[in-house]
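# Tertiary structure, described
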Amino acid sequence: MDGCGCAFDNNGRALAQLTPDGRLKIWDCTAGSLKHEFTPPSHLSSSCSCLKWSRTSRSVTNQRRKKSKTSRQSSSSNASDSIALGTSSGDVLLYNVAAGEVDQKLEGGHDSRVNDLCWSDDDGTLFSCSNDKHITEWNTENGQRKCKWKADKHGVRCMRLGPKGSTLLSAGRSIKLWDLETKEALKKFTGHASPVTHLQFIPSNLSHDSNANHIPNNGISGQYFISGAEQDRLMNIWYVNLDSQDKNALVSLSITDEPIAVDVIRQSNRNKPIHIAIASKDGQLHIFEYSLNGGGKRPLRPKRTIQLTSSENKDGTQPPIPVLCVRLLSEGEPEALIAYGSTLKPQFETLAYSTMEEHTHLVRESSSNLLLNDGAHEPFQIDKGKAPSSEVTTLGPGNMARATPAMVLDEGRSKLKRKAEHEKKESLEEQSIEDRLKAINAEAAETSRRRGSDRPTADSLAQMLIQALHSQDNSLMETVLWHGSVNKSIMKNTVRRLPVNLAVPFLRELVHKIQAAPGRGEGLVLWIKHILSTHMAYLMTVPDLVDSLSGLYAMLESRVSVFSKLCKLQGRLDLMLSQVDSQSQNNQEEEEHVEPTVVYQEEDSDEEPLVPIEVEHSESDENWDENEEENDTEEESDNENEIEVENESDDDESDG
């Protein structure tokens, strides 16, 4: 099993479990009782973070299972009598199951939390990885550190020792295959968007080692392994080929939630497929049967899905019972040993899943389910008003003592508060009304200034957004959206800090708000853009993403269809307005550049300019025409007289 807080031993007879307060419990799977309970001396300040049983061969387990019941009880697991415990302070503890105590404490290997441990085959070597980005190799015989090297840019979350013990597979943000002799990375695998938490080698049918891992003769090439990541619903199967540059996964396995326990087994018959059991975080058990005959583009769905539920309540509901851990048994027909129920007292059962349907629903009595309402008593209610959060101190690992006793601290605060109020009252009595008003205005201005300067950060907005999504608080949601619209960088960082499992619910809320008020689409679409760009890797792994975002898809389709028509209309209006502008501009230019055809220019002279005499026309048009006729007759008579005079003069000249 991978390094976690719950694991079966290699024989499937005991379950080791870490409690939240840092204790170790070992349960007997046959009797369902508690065999050992160990509390480390510093379990509150340095709680246990992971555990690993010492390695033993599954082939030896099968031989032991074929013996009689008495011999099986007498021959207890000799190879699985030691458990390695990683702590949050970076130390490693070696716990002896038979003696019920810690044999060794390995110190100085890490500066941060230990995430996973891995035993070697026979030489007593132990590997540990931590959040400090390093892997440490230990010699458990003398308790000394053999080697330490940096394995990732971020923390190393899990490890798995390769066949023959010559290689090591580690994973953080990426998966790396290491040569343990040279401490060099042989190959790198990338395919998960979140930190990898589970690694498991798939047995091969060519040969096998002491851990029943079948390996080819040429070493690590040709091996298969499985990887699972945090908040990822897909587990990848990889093929190791050191001669190829291909870094893509061979095929993916689709599950309902992130994995918490993984186990793989292969039957002796090479024609039968391998069996993969995965317990997901939502409590379901997924069984895959896969033949190593090539990859595929589409994720594989489980062959069987098993869900445990308790009996019906009074309201008709059946609460689910989570599966905590799983172990596949290789004896005869494939079976799965599971631990389910409460972590306070788990229950054990062996499931012959080969005869079950694709979706199996099993009803079990959960005796370890601690219910406060058993029907005979009233439901237990917590009065939140009597216990303010500011007066409550929660004790846990690393927070078990207060610097000052609570009563003394509260008494000191009350004395200081009363003294400050008394001094303030005396100062107000001595001041005049004008001084008091100035002090009040200054205090109000200071308060408003502080409120304006106290802008929320991305961390606080992310917490508010998570709370709003869980509680369906619309006012709190609107507060987050308003602060994000004011500062675009805060909006982007808030989306980055949002857990990936809340990306789809947040998208649904945004789509609902845009549909209710289309005018807000300009501001809310920025949130949608940041969500899609930040959490795209997770959204691609959601099986029913199309159904979940159908509202967003329909809204975008409607907006896009209208946008093409609006673009055509805008183009036509722009063309018409440009023609109108061009015509008006041409007319204006013509009026400015028009010149007269004939230009008269007077010569300069010294004479005074003639002043026109204005004639007043007081008579009618008829009188005006009569006067003109009279003038014409007068001119004609004058002309006749002149002609007569000229004739007379000519006659006189002729007489002379």
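Before any of the text, the structure's been laid out above.
What comes next is a walk through the structure. (Residues numbered from 1 in each chain as written. Predicted model: local features only at pLDDT ≥ 70, side-chain atom pairs only at ≥ 80, totals over all residues. Heavy atoms only, no water.)

## What to know about the overall build of the chain
Counting secondary structure elements, the chain contains 13 helices and 29 strands. Here the contacts in the chain between residues at least 6 apart in sequence split such that 52% fall between residues at least 24 apart. By element, 49% of the accessible surface of the chain is carried by carbon and sulfur atoms, the whole surface being about 40,200 Å². (Helix = DSSP H or I, 4+ residues; strand = E, 2+ residues; numbered from the N terminus. Contact = heavy atoms within 4.5 Å. Areas by Shrake-Rupley, 256 points an atom, 1.4 Å probe, with all protein chains shown as cover.)

## Describing the packing of aromatic side chains
Summed over the entire model, instances satisfying the criterion amount to 9 aromatic pairs. Relative to Tyr95, the ring of Phe38 lies with its centre 5.0 Å away and its plane at 40°, an arrangement referred to as tilted. Here Tyr95 lies in strand S7 (residues 92-96) and Phe38 lies in strand S4 (residues 34-38), a separation of 57 residues in the sequence. Taken together, a centroid distance of 6.2 Å and an interplanar angle of 15° make the contact between Phe225 and Trp238 stacked. In this pair, Phe225 sits in strand S18 (residues 224-229) while Trp238 sits in strand S19 (residues 234-239), placing the two residues 13 residues apart along the sequence. When sorted by exposure, Phe225 lands in the same class as Trp238, which is buried. Through pairs of rings, three or more aromatic residues link up here, namely Phe189, Phe201, Phe225 and Trp238. (Phe/Tyr/Trp six-rings, centres within 6.5 Å; stacked < 30°, edge-to-face > 60°. Buried < 20%, exposed > 50% of the residue type's maximum accessible area, 1.4 Å probe, protein only.)

## Structural notes on the nonpolar core
Ranked by internal contacts, the top residues of the largest apolar core, which has 33 residues, are Phe506, Leu510 and Trp527. Elements that contribute at least two residues to this core include exactly helix H5 (458-471), helix H6 (474-486), helix H7 (488-497), helix H8 (503-516), helix H9 (521-534), helix H10 (536-539) and helix H12 (550-592). With 7 residues, the single largest contributor to this core is H8. Aside from chain neighbours lying at most four places away, what touches Leu510 is Leu481, Leu524, Trp527, Ile528 and Ile531. In terms of nonpolar packing, the next biggest core, distinct from the first, is built from 19 residues, Ala261, Ile265, Ala277 and Leu308 among them. (Core = buried A, V, L, I, M, F, W, Y, C linked by side-chain atoms within 4.5 Å.)

## Focus: the pairing of strand S16 (residues 184-189)
Pairing analysis gives 5 bridges linking strand S15 (residues 175-179) to S16, with the strands arranged antiparallel. Each residue of the ladder has a partner; that of Ile175, found in S16, is Phe189. Here S15 folds back onto S16 in antiparallel fashion, the turn holding 4 residues, of which Lys183 has a positive phi close to 60°. (Pairing = 2+ DSSP bridges.)

## Side note on the environment of Leu292
As for its position among the elements, Leu292 is in the loop between strand S23 (285-290) and strand S24 (304-309). Looking at Leu292, the relative accessible area reads 23%, which means it is partly exposed. Each C-alpha atom, one on Leu292 and one on Pro273, is 7.5 Å from the other, the two residues being 19 residues apart in sequence. The contacts of Leu292, once residues within four sequence positions are left out, are Ile202, Tyr224, Arg266 and Ile274.

## Points about the sheet that holds S19
Spatially, the 4 strands line up as an open sheet ordered S17-S18-S19-S20, and their pairing is antiparallel. Unpaired on one side and paired on the other, strand S17 (196-202) and strand S20 (251-254) mark the two borders of the sheet. Neighbour-to-neighbour, the strand axes of this sheet turn through a mean angle of 25°, independent of strand direction. As judged from the 4 bridges shared by S18 and S19, these two strands associate in the antiparallel manner. The partner of Ser227 across the bridge, within S19, is Asn236. (Axes fitted to C-alpha atoms, helices over the stretch in contact; angles between N-to-C directions.)

## Thoughts on H7
One turn of an α-helix holds 3.6 residues; hence residues three or four places apart share an orientation. Ile490, Met491, Thr494 and Val495 are the residues of H7 that are buried. An end-on view of H7 places all buried positions within 135° of arc, on one side of the element. Packing partners of the buried residues in H7 comprise H5, H6 and H9. (Arc of directions from axis to C-beta.)

## Looking at the pairing of strand S2 (residues 14-18)
On any regular strand, side chains alternate: one points to one face of the sheet, the next to the other face. Here S2 lies mainly inside the structure; 5 of its 5 residues are buried. Here strand S1 (residues 6-8) runs beside S2; their pairing, made up of 3 bridges, is antiparallel. Bridge pairing in S2 links Phe8 to Leu15. What sits between the antiparallel neighbours S1 and S2 is a turn of 5 residues, in which Gly12 has the positive phi angle 70°. In this structure, S2 lies alongside strand S3 (residues 24-28), joined through 5 bridges in antiparallel fashion. Following the sheet pairing, Ala14 is matched in S3 by Asp28. If you look at the hairpin formed by S2 and S3, you'll find 5 residues sitting between the two strands, and Gly22 has a positive phi there, around 95°.

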